[in-house]
Amino acid sequence: MKAWEATLRKTQAAKKRANSIFGTVSVTPHTDDEEDEEPTSASTGEIYHAERFLPNGDIYTGQWYENFPHGHGKYLWTDGCMYVGEWYRGKAMGRGRFSWPSGAIYDGDFKSNYMDGKGTYTGSSGDTYRGDWVMNLKHGHGLRSFSNGDEYEGDWQRGLEEGNGRYKWSNGNYYIGEWMAGVICGKGTFLWASTGNRYDGLWEDGLPKGKGTFLWPDGSFYTGNWSKDPEERNGSYYPSGSSPMDGNNLDWDPQQVFDELSNCEICFGEKVPVLPSQKKLAMWRSSKGGGENKARRMSVDGRVSVGVERMTDRFKMFEEEGDFGAAREASMDNDADLFGSEMEQFGNLRISGGGQQLRIPKVGKKQGETIYKGHKNYDLMLNLQLGIRHSVGRAPPPDNLDLKASAFDVKEKIWTRFPPEGSKYTPPHQSCDFRWKDYCPQVFRTLRKLFKVDPADYMLSICGNNALRELSSPGKSGSFFYLTHDDRYMIKTMKKAEAKVLIRMLSAYYNHFRGFENTLVTKFYGLHCVKLIGPAQKKVRFVIMGNLFCSEYTIHRRFDLKGSSLGRTTDKPESEIDGNTILKDLDLNFIFRLHKQFFQQFYRQIDRDCEFLEQERIMDYSLLVGLYFRETSVAGYLIPSGARTPTGDPDDEGTPHLSRADVDQLLNDPSRWASIKLGVNMPARVERTVRSTGCELQLVGEPTGEFYEVVMFFGIIDILQDYDISKKLEHAYKSIQYDPILISAVDPRQYSRRFRDFIFKIFMEDA
């Protein structure tokens, strides 16, 4: 009743505003003839066949349900684009065929207006692609035939060739091997059809780079190190059945291979002219039953509008279409029918949501206090910056990623003294006298290269003119955290025991990152120590990590998830929770739904990462998750996907912060897709959950069917706690008081199993 009364007041207020804007307008009385214009099934909520000639010139013919195309139908836009296929509540969903005026055609699966699943695209120039699609991009396995006669069959990632594939040129030459971002990169074989010559080896940027062998049909071959820079090349020629000869004495020059490859260019083909998900639908809205008699814009994701539609919004909408008269007519829609439609949507939301409409938390202040001169840790910050500048600038980046076992030795560390007046190796400075220690410097230099971190950018972030920011309160472990000015890196002080754990597992950690590029484990960039010289003899150890939430998006929700319930809730009252608050397991009210391709990748990687941490006897780690909600109103309410949702005060309604067109641009731009990978900038959906009454310790609530479009960030953090004597004692003590299943401190094997079970309950494939 309260919801009904609130909606009634909003409707009456909207009516008053309409009268004040448009003045008194006489409305033509409804006649009996008009009642017979629509089939009776329109008012009963059944699916029926309809033909719509929309005011903007679009035409729809097919099955209809309430306000939307639903079932099988054909929609023809005024620009000549046409979709014929299956619909679900105003969205292309299922099997369909989309054609462009240029003659291009896509025939295949659709999901929420996106080309998604199995499908075939035939371009206007004759290019064809047959294979897997994900959100308008080629993703999975596919075969592409180009109009010039070239052909590629193999793996695709985010619209580009990536993985293993075979590219055949029109002249018969072909390459079989690894690809990266649409370029030949990795290990592969190139065969020249006209001569039978072949190159087997490593590639980079489409050219041989590294170890490789060039073979002739007679059995002779040349092997060595390849590079487009002649000075870096070296190798030996082996005639057929003979002893090796120095390659410099041959008439044949390896440069010939590079010259011939310059003629074998990769064809990129034509781009999709306009994405199906970018095509807007103009829907029919009546004053009867389903409300289908007035022209009204519908957003591409199936909602009639982003929030509760205001009268001024209708005025602007039709004014853009160039039909001012239609604007006056639309503004005077029957208020009773509008109220009925709004009330039905509002009621459905309350039932499915299981509670109040969600709001984003208030935006928190920028994290941390800037360390200026006079701050208690100002000297420590200067020491840290001086030491890192010295460590990074002292040695050049490594030539390759192969390391000797001695590089991981616990004794592999370098001490450097920094007197205030300077020395032969250190500059003068204004801080106190201190000593600087680098742990396993060669390993961390190689890790930074593996993480594709530029040394100059790394030093600029940490050691530039900008000061670091200290977080206001230390973590539970007693460690302090510092952020760089650009939020790219986080510096954490650590105990001696944690430093020992990192050094002990460093070799396995390095091999894990080399083996699994998409690992979710925290990235470490350096391990250092500052020792003050003097009576205090104070030592401060710290590790430099990547900041998971360094993004152009504002993080609305943050969760630290372990899979245990004892003490796993935030201690802040609701009024103090903001975008920087870290929520815990019992605060979680969502299930995360990833696209099939991402979910399979996520499932495999969680297993690999947990196995790695279990082998290293690590426990007490957690999955840190950040959510950016794509669609929110100005009033701060979250807008569920696929439904028109009331968003508070009608005067405060607004559009989403990230429009569907922006999302399409993101997904269609390979350069921006490069920023999307497992755990970073991932488009996904979350489903709201509610916990049953009396089940306060229920980890995963019941799903409500209320979905939200989000951008996700996640990674595994706090991986330096081994199952030492203190954790064993904690487990024994708490097991006396509580159920051992509920507590966090458990054996690494049990912890890994519980963590995985929990993660796979809250992460699901988006079906």
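Look above for the structure.
This structure is a prediction, so every number in the text was calculated from the model and none was measured.

(A) Looking closely at the overall build of the protein chain. Across its full length, the protein chain holds 17 helices and 35 strands. Buried positions account for 49% of the 767 residues belonging to the protein chain. Counted over contacts in the protein chain with a minimum sequence separation of 6, partners at least 24 positions apart contribute 53%. For the protein chain, the computed accessible surface area is about 36,500 Å², with 50% contributed by carbon and sulfur atoms.

(B) Summary view of the pairing of strand β7 (residues 114–122). Two elements, strand β6 (residues 105–111) and β7, share six bridges in a ladder whose sense is antiparallel. Within β7, the position partnered with Lys111 by the bridge is Tyr114. The turn joining β6 and β7, which pair antiparallel and follow one another in sequence, is formed by two residues; a positive phi near 55° is taken by Ser112. Taken together, β7 and the strand that follows it, strand β8 (residues 128–134), pair antiparallel across an intervening segment of five residues, in which Gly126 is found at a positive phi of about 110°.

(C) Summary view of helix α8 (residues 378–394). Here α8 is 17 residues long and its end C-alpha atoms lie 24 Å apart, about the 24 Å a rise of 1.5 Å per residue gives. With respect to burial, α8 is a largely interior element, 13 of its 17 residues being buried.

(D) Highlighting the packing of aromatic side chains. Tallied over the entire structure, the rule returns 55 aromatic pairs. Between the aromatic rings of Trp100 and Tyr121, the centroid separation amounts to 5.7 Å while the plane-to-plane angle is 75°, which identifies the pairing as edge-to-face. Taken together, the residues span a long stretch of sequence, with Trp100 in the loop between β5 (91–99) and β6 and Tyr121 in strand β7 at a distance of 21 residues. Comparing Trp100 with Tyr121 shows no difference in burial state: the two are buried. With 5.7 Å between their ring centres and 80° between their planes, Tyr175 and Trp179 make a pair best called edge-to-face.

(E) Here's a closer look at the packing of helix α13 (residues 596–615) against helix α17 (residues 748–762). One way to put it is that α13 packs onto α17 with a least axis distance of 9 Å and a crossing angle of 165°. With respect to each other, α13 and α17 are oriented roughly antiparallel. Helix-helix and strand crossings are classified by hand; for α13 and α17 the assignment is right-handed. The segment α13 lies against α17, with Phe602, Tyr603, Ile606, Asp607, Cys610, Glu611 and Glu614 engaging Pro748, Arg749, Ser752, Phe755, Arg756, Ile759 and Phe760. Class assignment for the residues of the contact of α13 with α17 results in eight nonpolar, one polar and five charged.

(F) View of unusual backbone geometry. In this structure, Asn113 is a non-glycine residue whose phi angle is positive, near 75°. When you line up the elements, Asn113 lands in the loop between β6 and β7.

Cut-offs applied
Residues numbered from 1 in each chain as written. Predicted model: local features only at pLDDT ≥ 70, side-chain atom pairs only at ≥ 80, totals over all residues. Heavy atoms only, no water. Helix = DSSP H or I, 4+ residues; strand = E, 2+ residues; numbered from the N terminus. Buried < 20%, exposed > 50% of the residue type's maximum accessible area, 1.4 Å probe, protein only. Contact = heavy atoms within 4.5 Å. Areas by Shrake-Rupley, 256 points an atom, 1.4 Å probe, with all protein chains shown as cover. Pairing = 2+ DSSP bridges. Expected span 1.5 Å × (residues − 1). Phe/Tyr/Trp six-rings, centres within 6.5 Å; stacked < 30°, edge-to-face > 60°. Axes fitted to C-alpha atoms, helices over the stretch in contact; angles between N-to-C directions. Parallel < 35°, antiparallel > 145°, perpendicular 65-115°, else oblique. Left-handed = near helix turned anticlockwise from the far one by under 90°. Nonpolar A, V, L, I, M, F, W, Y, C, P; charged D, E, K, R; others polar.

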